[in-house]
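Here is how the chains run, residue by residue.
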Amino acid sequence: MHRVDIDNERDTMEQPPSPAAEQTLFERRKGRLASKFMLVNISSNLLLAYQSLGVVYGDLGTSPLYVYRSIFVGKLQNYQTSEAIFGAFSLIFWTITLIPLLKYVFVVLSADDNGEGGTFALYSLLCRHAKFSLLPNQQAADEELSAYKYGFSGQSTSCLPLKRFLEKHKKSRTVLLVIVLLGACMVIGDGVLTPAMSVMSSMSGIQAATEHLSHGGVLILSCIILVGLFALQHSGTHRVGFLFAPIVTIWLISIFLIGLYNTIFWNPKIVSALSPYYIIKFFKETGKDGWVSLGGVLLSIAGTEAMFADLGHFTATSMRIAFPFFVYPCLVVQYMGQAAFLSKNIDSIPNSFYNSVPDSVYWPVFVIATLSAIVGSQAVITATFSIVKQCNALGCFPRVKIVHTSKHIKGQIYVPEINWILMILTLAVAVGFQDTTLIGNAYGLACMTVMFITTFLMALVIIFVWQISVAFATSFLLLFWLIEGVYLSSAFIKIPQGGWVSLVLSFAFLTIMFIWHYGTRKKYNFDLHNKVPLKWLLGLGPSLGIVRVSGIGLIYSELATGIPAMFSHFVTNLPAFHSVMVFVCVKSVPVPFVSPEERFLIGRICPRPYRMYRCIVRYGYKDIQRDDGNFEDLLIQSIAEFIQMEAVEPQLSSSESPSFDGRMAVISTRSVLSSSTLLVSEENFGTCSSIQSSKSLTLQSLRSACDDENPQMRRRRVRFRLPENPGMDPAVRNELSDLIEAKEAGVAYIMGHSYVKARRSSSYLKKLVIDIGYSFLRKNCRGPAVALNIPHISLIEVGMIYYV
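Residues numbered from 1 in each chain as written. Predicted model: local features only at pLDDT ≥ 70, side-chain atom pairs only at ≥ 80, totals over all residues. Heavy atoms only, no water.

Asks: Would you mind going over the overall build of the protein chain with me for this structure?
Replies: Secondary structure assignment for the protein chain yields 29 helices and 11 strands. Of all 804 residues assigned to the protein chain, the portion counted as buried reaches 54%. Of the roughly 35200 Å² that the protein chain leaves accessible, carbon and sulfur atoms contribute 63%. (Helix = DSSP H or I, 4+ residues; strand = E, 2+ residues; numbered from the N terminus. Buried < 20%, exposed > 50% of the residue type's maximum accessible area, 1.4 Å probe, protein only. Areas by Shrake-Rupley, 256 points an atom, 1.4 Å probe, with all protein chains shown as cover.)

Here it is as structure tokens:
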């Protein structure tokens, strides 16, 4: 057949084919190509679905270890009958079906933000489709980002009144942010509770098998595993991550086979409990005590939020393959098998899972259960690091050290301060409670609160992003709030029995976030209202009335427009400055990632003779700001590209506008690297920082000393020169020459060393928040220079006092 096709193609090449034959041949090849792409797409999604098992479903998959034990506690111990067990299984089945399967797989997974998921993805979508954002220094140019336009276009008239109301009232936007941050705090609480819950539940198998081992011994072993788990976080998960998927896959297959065996061997009639009739029967028999037991039932869906939160590492299609066709059947059959076993062995409820495991496979199942618990805990800890990073990007969390543990896998980060805080809190919870039932009460409250918040945000996305009718969004909200509200009310009942831990942890982190966000906003508003008037600079002339020394000064500020007050404070006390000034603003925008081609915005401040520029560096809430060592070189090349572009495109020229500020151009790093505006030469020469080309003997000696102390910071020496281009505008050539000469003289970084204080007329509460809370957080978090990877030897700090 293949030979015939070849011969036919040869014949058609010898004789010109007719237009109809050409069309047929084109469609045939197009069909073959489409089928190949379809096969590649299917195989890719299947591979991603397999990999997602180790990252997403470790926590959800280990829930059978403790669910039945958590249901039949308290007063429900008086209803330990086979009918009650049938009803408990029916509740578990319909809970897994309605929330993870119906809500998340079929609805929530569709609300991605450029492929990213989670609470912040929903908030980011809302901020871009309506003016809900409270991020400072946002610009119209940010709306031109390719990632910004993701989602539905157009505007539905049905949602306009609600949109205008929310945009008009700042308090409503503040409430929305608080709700999002509350969800983030609950996820951080999960990072404390999940490791303790999973590891202690898996280790209980030792106590069930060996009678001589006390509960204290199990607790010590659990704490050892927990310490080891947190101690290994700094090395990242990429080295052992390839084991995660096989471990969870073997675990899910194991519990499926055990559940199937128990169903057939002990009580096949349990299949009838799939009917919701047994739920009605359960509540008729147990009444209020049955409602209280729902706090244990909801643990069967703990970890469901990971499906949406970890969407950025996989695809919605892979999630829709993995859960309905593999994870869901394994969990349902396992819970069914446990219920079948318990219906004939009522006394085994306190350790239902391990008692239901056949003796012949007990120890292999125990080992794989322990490994799966560790994998599930690892996934939650990594998610906590990601949440902290996103809160930091929103200006709602103090600056912390963020380490990228993998060069190849995006999103693999490690936050040392948070890691050790989580470890201390996890050990305190494990040692303090020593009971997985009490920990489960706190764990269930945190998980259900996150789901409750996701439902609310999802309803807003349906209205403002998907632009479906308000009636549909309201129906979605009421349906799932009714279901989740019943579980949440049951979890609140158990606040005295351990549930208070989630509230305390969330309140503590929420207080930190609120104080940091409030202080940061007040500081930014002070800068905004105390900007230096451009008319004052223009009146001073190109020299600014000071000595302009050779070199480049990078003035860092949070302002995207205008001149910060720090600059006038500096030149007033030290009347000298660099010949080239660049006002740099590093800011976050409400998108997950900003491509390098769109990261830099370059503009000019004042006319050309002033040699003053503005550079805005934009990052998404999931971007990692790495110290690649080439920021200065990229900045110089970007400014040179802007100067050349300005000469070609007159609309960028500052002479046409009286404001002399605000004209920005997106400079692609790819076009910069391929541009011929400046010729670049590199040589292997160890340098410590931006003073690599300084001609000063003092600076050279400092550089040498820095090289000896920090050999890892040595970088390539980059020199720029102008190309031989006779057609270049003389004014452009002079400006580029000044830029190159300034770069050769050296680069200095100027930042404000600010002290924020409340005004004397402020209330006592404001003084408490600013003078004590915010000042404490600023003193104990990483400095802005360290967070921005600014070389210390080139840093100049300007003292400023902010009275807010």
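Asks: Before we go on, may I ask you to explain helix α6 (residues 119–129) in this structure?
Replies: Helical geometry: 3.6 residues make up each α-helical turn, so side chains three or four residues apart lie on a common side. Most of α6 is tucked away, with 11 of its 11 residues classed as buried. Listed in full, the buried residues belonging to α6 are Thr119, Phe120, Ala121, Leu122, Tyr123, Ser124, Leu125, Leu126, Cys127, Arg128 and His129. Elements that come into contact with the buried residues of α6 comprise α7 (160–168), α8 (170–209), α14 (306–309), α17 (362–393) and α19 (436–464). (Contact = heavy atoms within 4.5 Å.)

Asks: Even after reading the chapter, I still don't get the pattern of salt bridges, so can you show me in this structure?
Replies: Close approach of charged atoms allows side chains with opposite charge to pair. Using the criterion set out here, one finds 13 salt bridges in the structure. The salt bridge partner of Arg618 is Asp142, with a shortest N-O separation of 3.3 Å. Taken as a pair, Arg618 in strand β6 (residues 612–619) and Asp142 in the loop between α6 and α7 lie far apart in primary sequence, 476 residues in all. When sorted by exposure, Arg618 lands in the same class as Asp142, which is buried. (Salt bridge = Lys/Arg side-chain N within 4 Å of Asp/Glu carboxyl O.)

Asks: Explain the pairing of strand β4 (residues 576–588) here, please?
Replies: Put simply, side chains in a regular strand alternate between the two faces of the sheet. The buried fraction of β4 amounts to 10 of the 13 residues, a majority that puts the element mostly inside the structure. As paired elements, strand β3 (residues 547–556) and β4 share eight bridges and run parallel to each other. Looking at β4, one finds that Ile555 is bridged to Phe583. Across eight bridges, β4 lies against β6 in parallel orientation. Paired with Ser588 across the strands is Tyr619, a residue of β6. (Pairing = 2+ DSSP bridges.)

Asks: I tried to follow a nonpolar patch on the surface on my own but got confused; where do I start?
Replies: A grouping of Ile220, Leu221 and Ile224 is seen on the molecular surface, where their side chains present a nonpolar patch of about 270 Å² in accessible area. Inspection of the secondary structure puts Leu221 in helix α9 (residues 215–231). (Patch = residues over 30% accessible without salt bridge, like charges linked within 9 Å, V, L, I, M, F, W, Y side chains within 5 Å.)

Asks: Help me understand the packing of aromatic side chains in this model?
Replies: Any aromatic ring pair is given by two values, namely how distant the centres are and how the planes are angled relative to each other. A complete count under the given rule lists 30 aromatic pairs for this structure. Here the aromatic rings of Phe433 and Trp500 are separated by 6.0 Å at their centres, their planes lie at 50°, and the arrangement is tilted. Linking Phe433 in helix α18 (residues 416–433) with Trp500 in helix α21 (residues 495–529), this pair joins segments that are 67 residues apart in sequence. With a relative accessible area of 19%, Phe433 lands in the buried category. Residue classification places Trp500 among the partly exposed residues on the basis of a relative accessible area of 42%. An angle of 25° between the planes, with centres 6.2 Å apart, marks the rings of Phe600 and Phe631 as stacked. Here the residue Phe600 occupies a position in strand β5 (residues 600–604), and Phe631 occupies one in helix α24 (residues 631–648), the gap between them amounting to 31 residues. When its relative accessible area of 4% is taken as the criterion, Phe600 is described as buried. When its relative accessible area of 25% is taken as the criterion, Phe631 is described as partly exposed. An aromatic cluster of three or more residues is present, and its members are Trp251, Phe353, Tyr354, Tyr362, Trp363 and Phe366. The aromatic ring of Tyr148 is capped on one face by Arg128, whose charged end is 5.7 Å from the ring centroid. Here the basic side chain of Lys767 rests over the ring of Tyr764, its NZ or CZ set 5.8 Å away from the ring centre. (Phe/Tyr/Trp six-rings, centres within 6.5 Å; stacked < 30°, edge-to-face > 60°. Lys NZ or Arg CZ within 6 Å of the ring centre and 35° of its normal.)

Asks: Looking at this structure, I do not really get the sheet that holds strand β11 (residues 795–803). What am I missing?
Replies: Strand pairing in a sheet relies on backbone hydrogen bonds. The paired strands run either parallel or antiparallel. Judged by pairing direction, the sheet is mixed, and its seven strands sit side by side in the order β7-β5-β6-β4-β3-β10-β11 without closing on themselves. Each edge of the open sheet is held by one strand with a lone partner, namely β7 (664–667) and β11. Each adjacent strand pair in this sheet contributes to an overall mean axis angle of 25°, direction not counted. Pairing of strand β10 (residues 747–757) with β11, which is carried by nine bridges, proceeds in the parallel orientation. Counted as the bridge partner of Tyr749 is Leu795 from β11. Contacting β10 and β11, α21 runs over the sheet at an angle of about 95° to β11. Packing of helix α23 (residues 565–573) onto the sheet brings it into contact with β3, β4, β10 and β11, and relative to β11 it is tilted by some 115°. (Axes fitted to C-alpha atoms, helices over the stretch in contact; angles between N-to-C directions.)

Asks: Is there a simple way to explain the side chain of Ser293 in this structure?
Replies: With respect to the helices and strands, the residue Ser293 is situated in the loop between α12 (288–292) and α13 (294–297). Sequence-distant contacts of Ser293, defined by excluding residues within four places in its chain, comprise Ile71, Leu76, Phe282, Ser490 and Lys494.

Asks: How do you make sense of unusual backbone geometry when you look at a structure like this?
Replies: Residues other than glycine predominantly adopt negative phi, and peptide bonds predominantly adopt the trans conformation. Even without glycine at this site, Gln467 takes up a positive phi of about 60°. Looking at the element boundaries, Gln467 is found in the loop between α19 and α20 (470–493). The backbone of Cys606 sits at a positive phi, close to 70°, despite the residue not being glycine. Structurally, Cys606 can be placed in the loop between β5 and β6. Cys606 gets classed as buried once you look at its relative accessible area, which sits at 0%.

Asks: How do you make sense of the packing of α24 against helix α27 (residues 730–745) when you look at a structure like this?
Replies: Packed helices, taken two at a time, are described by their axes: the angle between them and the distance between them. The geometry of α24 relative to α27 is characterised by a closest axis approach of 10 Å and an angle of 170° between their N-to-C directions. The angle between the axes of α24 and α27 places the two elements in the roughly antiparallel class. On α27, the residues touching Glu632, Asp633, Ile636, Ile639, Ala640, Ile643, Gln644 and Ala647 of α24 are Val732, Glu735, Leu736, Leu739 and Lys743. Grouping the constituent residues of the contact of α24 with α27 by class yields eight nonpolar, one polar and four charged. (Parallel < 35°, antiparallel > 145°, perpendicular 65-115°, else oblique. Nonpolar A, V, L, I, M, F, W, Y, C, P; charged D, E, K, R; others polar.)

Asks: It is not clear to me how the environment of Ala430 should be interpreted in this structure. Could you clarify?
Replies: Residue placement: Ala430 occurs in helix α18. When its relative accessible area of 1% is taken as the criterion, Ala430 is described as buried. Not counting residues within four places of it along the chain, the set of residues in contact with Ala430 comprises Ala196, Met200, Leu219, Leu226 and Ile439.

Asks: What should I look at first to understand the packing of α17 against α18 in this one?
Replies: Relative orientation of the contacting elements α17 and α18 amounts to 130°, with a least axis distance of 10 Å. When the axes of α17 and α18 are compared, the pair comes out oblique. Judged by the sense of rotation from one axis to the other, the crossing of α17 with α18 is right-handed. Contacts between α17 and α18 involve Thr384, Phe385 and Val388 on the former and, on the latter, Ile418, Asn419 and Leu422. Of the residues assigned to the contact of α17 with α18, the class counts are four nonpolar, two polar and no charged. (Left-handed = near helix turned anticlockwise from the far one by under 90°.)

Asks: What exactly am I supposed to notice about the nonpolar core here?
Replies: A general tendency of soluble globular proteins is for nonpolar side chains to be buried together. In this structure, Tyr57, Phe323 and Met458 are the most contacted members of the largest nonpolar core, which totals 164 residues. Setting aside residues up to four positions removed in sequence, Tyr57 forms contacts with Ser52, Val248, Met307, Met319, Ala322, Phe323 and Val327. In this structure, Val617, Ile636, Ile639 and Val732 belong to the second largest nonpolar core, which totals 36 residues. (Core = buried A, V, L, I, M, F, W, Y, C linked by side-chain atoms within 4.5 Å.)

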